[in-house]
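These are the residues of each chain, in order.
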Amino acid sequence: MDSMESQLAEMLREFKSRSKTKVILESGLIILISLFLFVGNSLTLLVLLLNRRMRTIPNMFVASLAVSDLLLGVFSTVPLTIPTLVTSHWPFNDTTCQFQGYLAFALGCASIHTLVLMAVNRYYRIVKPTKYRHYFTKKKTLIMILVTWFYSICAPLIYVLIGNKMVFHPSKVFCFIPIKNSAFMAYVIPLYIGIPICVIIYCYFRIFTTVRHHNSNFHHPGNPISMVNVEEVKVARTILVIVLSFNLCWIPIFTIDILDTIFQRWIFPPEAYIAYTFLATISSALNPFIYGVFNKSFRKNYLNVLRCRCCRSQAVVEPLALPVRASVLFFTLQVMFYLPLLLLLLTHTPGYVVKPTDANNSKHVRSITRCFRPINRR
């Protein structure tokens, strides 16, 4: 048995010997994070699906990011990681392990490269606005997203085709690339991590130097172009927060992987690796909250969807007027209250699936759609 296998065997013994309190705490925490991940990203996609006004080019990237986060939760975290944490062993076969490792790698690449596209989009919109409409039409944006997904799905293909396999890491509680494949990691880290991060940093450096240089122009109330620029800067600010939150979650993950690869052994305690898994899951659950806090349109539509879903007794739900400046605290309390209730309704309400012949359900769908119509102010 080589050093890597003996280290994995030792970590597995420690994983199986966890106390009941630790099992309950870790399992409960990952279940709670997964709940927010699933409901938050589902709400984001639902808002973009039902509201045509929200289908802008920047929001196409938001949809792509929500899809990658949702897929990670639906196909990896909930069905595979949670049972492993609860049972304190890997209860699945080797094929499932290979699938989880491949999926985690591909979706991680899709997320970081989508963030690159978002940064480049803001760069052209603010730094080079005359070229923006040439490069970022809806058709070209869709092609960019599809190419990014194809590129990300093919990223781990080289690793698999040369005969390598994923291994189950008991402390990380999922399957991934073993540290002995240092050559492949040396190829992955600069190409899929280093270059994208450098592009993001460059784009935002140019954006904020441009904003600072033209700051006086953005505050002329009589200039319609300046008003557009102010809105674009607000969008850039939201995307910057998404990028920063992604980096706060993933820089520790990248650091652990790089150091483990350099030393050719897992050098950190088990607590660091379980935090590794939690950070990756939190990153996927965090974006909907960022949209709700920093983007008034998303905040308004999130609350509209939640209120419409919960008002089952009304055949027609009238749209509710929201204050112009809803506080962050109010939004947070609303989300914390409604998310568990929404999941309970979706899982226990009979006849949830809409059939074309069901008139009552059709009325319910129309009532949901009606919430997205503009509010007439008199």
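Residues numbered from 1 in each chain as written. Predicted model: local features only at pLDDT ≥ 70, side-chain atom pairs only at ≥ 80, totals over all residues. Heavy atoms only, no water.

Where an unreviewed UniProt entry is consulted, the chain appears under the name G-protein coupled receptors family 1 profile domain-containing protein, with the organism given as Porites lobata. Listed under Sequence similarities (unreviewed entry) in UniProt, the entry text for the chain is "Belongs to the G-protein coupled receptor 1 family." (UniProt positions renumbered as here; feature names shortened; annotations may be inferred.)

Participant: Would you mind showing me how to read the overall build of the chain here?
Facilitator: For the chain, the count of helices and strands is 13 helices and 2 strands. Classification of the 378 residues of the chain by burial places 46% in the buried group. Counted over contacts in the chain with a minimum sequence separation of 6, partners at least 24 positions apart contribute 78%. As presented, the chain carries roughly 19,800 Å² of accessible surface, and 68% of it is formed by carbon and sulfur atoms. (Helix = DSSP H or I, 4+ residues; strand = E, 2+ residues; numbered from the N terminus. Buried < 20%, exposed > 50% of the residue type's maximum accessible area, 1.4 Å probe, protein only. Contact = heavy atoms within 4.5 Å. Areas by Shrake-Rupley, 256 points an atom, 1.4 Å probe, with all protein chains shown as cover.)

Participant: What is the right way to look at the state of the cysteines in this model?
Facilitator: What makes a disulfide is a covalent bond joining the sulfur atoms belonging to two cysteines. Inspection of every chain in the model, using the stated rule, returns 1 disulfide. The disulfide partner of C97 is C175, and the S-S distance across this bridge is 2.1 Å. Taking the sign of the S-S torsion, -120° for the link of C97 and C175, the bridge is left-handed. Taken as a pair, C97 in helix α4 (residues 94–126) and C175 in strand β2 (residues 174–176) lie far apart in primary sequence, 78 residues in all. Taken as a pair, C97 and C175 share a single burial class, namely buried. (Disulfide = S-S within 2.5 Å.)

Participant: Help me out: how do you make sense of the packing of aromatic side chains in this one?
Facilitator: The description of an aromatic ring pair rests on the distance of the ring centres and on the angle between the ring planes. Taken as a whole and judged by the stated rule, the model has 24 aromatic pairs. On the numbers, 6.0 Å between centres and 55° between planes, the contact of Y124 with F136 is tilted. In this pair, Y124 sits in helix α4 while F136 sits in the loop between α5 (129–135) and α6 (138–154), placing the two residues 12 residues apart along the sequence. The two residues Y124 and F136 agree in class, both being buried. Among the aromatic residues, those joined into a cluster by ring pairs are F105, Y151, Y159, F174, F176, F184, Y187, Y192 and Y276. Over the aromatic face of Y276 sits the side chain of K172, whose NZ or CZ is 4.3 Å from the ring centroid. (Phe/Tyr/Trp six-rings, centres within 6.5 Å; stacked < 30°, edge-to-face > 60°. Lys NZ or Arg CZ within 6 Å of the ring centre and 35° of its normal.)

Participant: Would you explain the environment of F174 in this entry?
Facilitator: With respect to the secondary-structure elements, F174 resides in strand β2. Each C-alpha atom, one on F174 and one on S76, is 8.6 Å from the other, the two residues being 98 residues apart in sequence. For F174, the contacting residues outside a window of four places in its chain are T81, Q100, V167, F168, H169, Y276 and T277.

Participant: Any chance you could explain the nonpolar core here in plain terms?
Facilitator: In summary, soluble globular proteins display a tendency toward joint burial of nonpolar side chains. If you look at the biggest cluster of nonpolar residues, it comprises 78 residues, and the most contacted ones within it are F105, L115, M118, I177 and F298. It is α4 that provides the largest number of residues to this core, a total of 16 residues. For F105, the residues in contact, after removing those within four places along its chain, are A155, P156, F176, I177, F184 and V188. F15, F36, V173 and I274 belong to the second-largest nonpolar core, a separate cluster that totals 11 residues. (Core = buried A, V, L, I, M, F, W, Y, C linked by side-chain atoms within 4.5 Å.)

Participant: Would you explain the packing of helix α3 (residues 57–87) against α6 in this entry?
Facilitator: When two helices pack together, their arrangement is given by the angle between the helix axes and by the axis-to-axis distance. Interaxial distance between α3 and α6 falls to 10 Å at its minimum, and their mutual angle equals 25°. Regarding the angle of α3 to α6, the classification is roughly parallel. The interaxial crossing formed by α3 with α6 has right-handed handedness. Of α6, the residues touching α3 (which contributes I57, M60, F61, S64, V67, S68 and L71) are K138, T141, L142, I145 and W149. Of the residues belonging to the contact of α3 with α6, the class tally is 8 nonpolar, 3 polar and 1 charged. (Axes fitted to C-alpha atoms, helices over the stretch in contact; angles between N-to-C directions. Parallel < 35°, antiparallel > 145°, perpendicular 65-115°, else oblique. Left-handed = near helix turned anticlockwise from the far one by under 90°. Nonpolar A, V, L, I, M, F, W, Y, C, P; charged D, E, K, R; others polar.)

Participant: Help me understand the side chain of T277, please; the structure alone is not making it clear to me.
Facilitator: Tracing the backbone through its elements, the reader meets T277 in helix α10 (residues 270–294). You can call T277 buried: its relative accessible area is 6%. Setting aside anything within four residues of it in sequence, one finds T277 in contact with T81, K172, V173 and F174.

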